[in-house]
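# Results of the structural survey
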Amino acid sequence: MNSMKLLQEYSAGQRNFRNAYCHQIDLNGANLSQIDWSEADLSQADLSRTNLHGANLSCANLTDADLNQADLRSANMSQVNLIGADLRGAKLGRANLKGADLRCANLSNADFSGTCLDGAELSGADLSGANITQAELSQTAQHSGESHQWVSWAGSHK
């Protein structure tokens, strides 16, 4: 699906894009709040500065996606694949990232306040300057048998 078609359908009231193939789609700065992209392929998508407030991204593939400064507050991102994604400065307050794969993701200066990260995989992730105030971190990385030594908490707000 290309960006023009998706934006046309979204502006016509369509919100269900479950299982959509949107590899490398460019939606930089778009307003897509409440969109359902569950199980969609958004690998290498440009979603920087995009409004995804309340979106459903559960089980979606966002490998190497650009979500720099995206608004993901209250989004359902359970079991999402964010390996290598750029989430610098993203707003993730109260998002559900339970079981998310954030290996090698750039999470610097992201706001995770009140976010559920239970069972999330964070190996190699950069959390420098991230706000993790009141984030739920139980069982984070334990499912893979890894220790927490690989997580960069340098400069994070606690």
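Along each chain, the written sequence defines residue order, and numbers are assigned to residues from 1. The model is predicted, so local features are restricted to residues of pLDDT at least 70 and side-chain atom pairs to those at 80 or more, both for listing and for counting; the totals for chains, interfaces and linings are taken over all residues. To obtain the side-chain values, all non-hydrogen atoms of the structure were used and water was disregarded.

### Some points on the overall build of the protein chain
- Helix and strand counts for the protein chain come out as one helix and zero strands.
- When the 158 residues of the protein chain are sorted by exposure, 49% land in the buried category.
- Should any heavy atoms of two residues lie within 4.5 Å, those residues are counted as being in contact. For the protein chain, the proportion of contacts with a sequence separation of at least 24, taken over those separated by at least 6, is 10%.
- Accessible surface, the protein chain as shown: approximately 7,100 Å² in total, 42% of it carbon and sulfur. Think of it this way: any DSSP run of H or I at least four residues long counts as a helix, any run of E at least two long counts as a strand, and we number them from the N terminus. Relative accessibility under 20% of the residue-type maximum defines a buried residue, over 50% an exposed one, and the middle range a partly exposed one, all with a 1.4 Å probe and only protein chains included. Here the accessible surface of atoms and residues is derived via Shrake-Rupley with a 1.4 Å probe, and residues count as covered only by protein chains that are part of the display.

### Structural notes on the pattern of salt bridges
- Any carboxyl oxygen of Asp or Glu within 4 Å of a side-chain nitrogen of Lys or Arg constitutes a salt bridge here. Evaluated as defined, the whole model comprises five salt bridges.
- Between arginine 103 and aspartate 101 there is a salt bridge; the shortest N-O distance is 2.6 Å.

### What about helix H1 (residues 3-11)?
- Backbone nitrogen of methionine 4 and a side-chain oxygen of the N-cap are separated by 3.2 Å at the start of H1; the cap is asparagine 2.
- Backbone geometry just after H1 places glycine 13 at a positive phi near 105°. Polar contacts here mean pairs of N or O atoms no more than 3.5 Å apart (in protein, one a potential hydrogen donor and the other a potential acceptor; neighbouring residues in sequence count only if both atoms are side-chain atoms).

### Considering the packing of aromatic side chains
- In summary, the pairing rule links any two rings of Phe, Tyr or Trp, Trp by its six-membered ring, whose centres are within 6.5 Å, and it sorts them by plane angle into stacked for under 30 degrees, edge-to-face for over 60 and tilted for everything else. Per the stated rule, a full pass over the model turns up zero aromatic pairs.
- Residue placement shows arginine 15 over the ring face of tyrosine 10; its charged tip is 3.7 Å from the ring centre. When the NZ atom of lysine or the CZ atom of arginine is within 6 Å of a ring's centre and also within 35 degrees of its normal, the charge is said to sit over that ring.

### Points about the side chain of serine 123
- With respect to the helices, strands and loops of the structure, serine 123 is situated in the segment after H1.
- A polar atom in the side chain of serine 123 sits 3.0 Å from the side chain of glutamate 121.

### Points about the confidence of the model for the protein chain
- Considering every residue of the protein chain, the mean pLDDT works out to 90; 87% of them sit at 70 or more.
- On a range of 0 to 100, pLDDT expresses the predictor's confidence in each residue. Contacts for the low-pLDDT stretch residues 142-158, under 50 throughout, to residues beyond four places or in other chains number 37 contacts.

### Concerning the environment of aspartate 66
- Counting through the fold element by element, aspartate 66 comes out in the segment after H1.
- Overall, aspartate 66 belongs to the partly exposed group, its relative accessible area being 24%.
- Beyond its immediate chain neighbours, meaning those up to four positions away, aspartate 66 contacts Ala45, Asp46, Leu47, Ser48 and Asp86.

### Let's talk about the environment of tyrosine 21
- Relative to the assigned elements, tyrosine 21 resides in the segment after H1.
- The spatial distance from the C-alpha of tyrosine 21 to the C-alpha of asparagine 61 is 9.8 Å, given a sequence separation of 40 residues.
- Excluding residues that lie within four positions of it along the chain, tyrosine 21 makes contacts with Met1 and Asp41.

### Things to note about the side chain of serine 48
- Turning to its location among the elements, serine 48 is positioned in the segment after H1.
- Residue serine 48 is classed as buried on the basis of its relative accessible area, which comes to 3%.
- Apart from residues lying up to four places away in sequence, serine 48 is in contact with Asn28, Gly29, Asp66, Leu67 and Asn68.

### Side note on the environment of alanine 135
- You can see alanine 135 is positioned in the segment after H1.
- Judged by relative accessible area, which is 16%, alanine 135 ranks as buried.
- Sequence separation between alanine 135 and phenylalanine 112 is 23 residues; the distance between their C-alpha atoms is 6.2 Å.

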